[in-house]
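Each chain, letter by letter, is given below.
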Amino acid sequence: LLVFDALHALGTPMEEVTLPALEVFERPEHLPYRLEGQPGAPVALLLHGFPGTTGELRPLAELLHAAGWTVQGLLVPGLGRELPALFQQRAAGWVDWLAGEVDAAHAGGRPVILIGFSLGGAISAAAAARCKPDRLVLLAPFWWEEPLWLRLLFATLETIFSPTIRPF
């Protein structure tokens, strides 16, 4: 049964896998937000972790807003209310999306500070290399160096099976 399930999982394109929609993520504390600050003040873009939502960093956003900053809580595509589409997301797509958000914030002519927590920190670090925010703050960034034995195991398995399952 395990072999059958593994072969079935490997043969099912990830684009066909959807997760159930959870109504809980429709509440306001889980949605993207923008808190306007004083004119000319920095813009802080906050990016949450996995499998979280914008509510994770809301207390920090309110502190920065109280200091006069404009704060934007970004929702990572495929998380929160978009959870059913998680398996259609790829790390490169997240980096492209975030780089576009930073570029859009730069268009306002104010300093842009990119703040990423956990997985949001990993995405932020990768995007920052391309879009050059004025500052980058990483809060407990997710980072994992795969050991050599695991890389060799994955390479061996990819030669045997079709690589339809790709971790982040």
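None of the values given here were measured: they were computed from a predicted structure.

Rules and cut-offs
Residues numbered from 1 in each chain as written. Predicted model: local features only at pLDDT ≥ 70, side-chain atom pairs only at ≥ 80, totals over all residues. Heavy atoms only, no water. Buried < 20%, exposed > 50% of the residue type's maximum accessible area, 1.4 Å probe, protein only. Helix = DSSP H or I, 4+ residues; strand = E, 2+ residues; numbered from the N terminus. Pairing = 2+ DSSP bridges. Right-handed = clockwise from strand over helix to strand, strands pointing away. Salt bridge = Lys/Arg side-chain N within 4 Å of Asp/Glu carboxyl O. Contact = heavy atoms within 4.5 Å. Polar contact = N/O pair within 3.5 Å; in protein donor to acceptor, adjacent residues only side chain to side chain.

1. So, the pairing of strand 2 (residues 43–47)
So, point 1. Of all five residues in strand 2, five are buried, a share of seventy percent or more.
So, point 2. Of the two faces of strand 2, the one lined by Val43, Leu45 and Leu47 and the one lined by Ala44 and Leu46 are each fully buried.
So, point 3. Both strand 2 and strand 3 (residues 70–74) contribute to a ladder of five bridges, which runs parallel. Bridge pairing links Ala44 to Val71 in strand 3.
So, point 4. In this fold, the crossover linking strand 2 to strand 3 by way of helix 2 (residues 58–66) has right-handed handedness.

2. Re the pattern of salt bridges
So, point 1. All told, the structure shown has four salt bridges when counted by the stated rule.
So, point 2. Here Arg27 and Glu29 are joined by a salt bridge, their closest N and O atoms 2.7 Å apart.

3. Section: the pairing of strand 3
So, point 1. In terms of burial, strand 3 is largely enclosed, as five of its five residues are buried.
So, point 2. Here strand 3 shows two buried faces, one formed by Thr70, Gln72 and Leu74 and the other by Val71 and Gly73.
So, point 3. Where strand 1 (residues 33–35) and strand 3 come together, three bridges link them in antiparallel fashion. Looking at the pairing, Arg34 lines up with Gln72 of strand 3.

4. Structural notes on the environment of Gln72
So, point 1. Position of Gln72 relative to the elements: it lies in strand 3.
So, point 2. Note: C-alpha distance between Gln72 and Thr54 (18 residues apart in sequence) is 9.4 Å.
So, point 3. The residues touching Gln72, leaving out its near neighbours within four places in the chain, are Tyr33, Arg34, Ala44, Leu45, Leu46 and Glu101.
So, point 4. At 2.9 Å, the side chain of Gln72 and the side chain of Arg34 are in polar contact.

Note that every value here comes from positions in space, so none of it alone points to a role or purpose.
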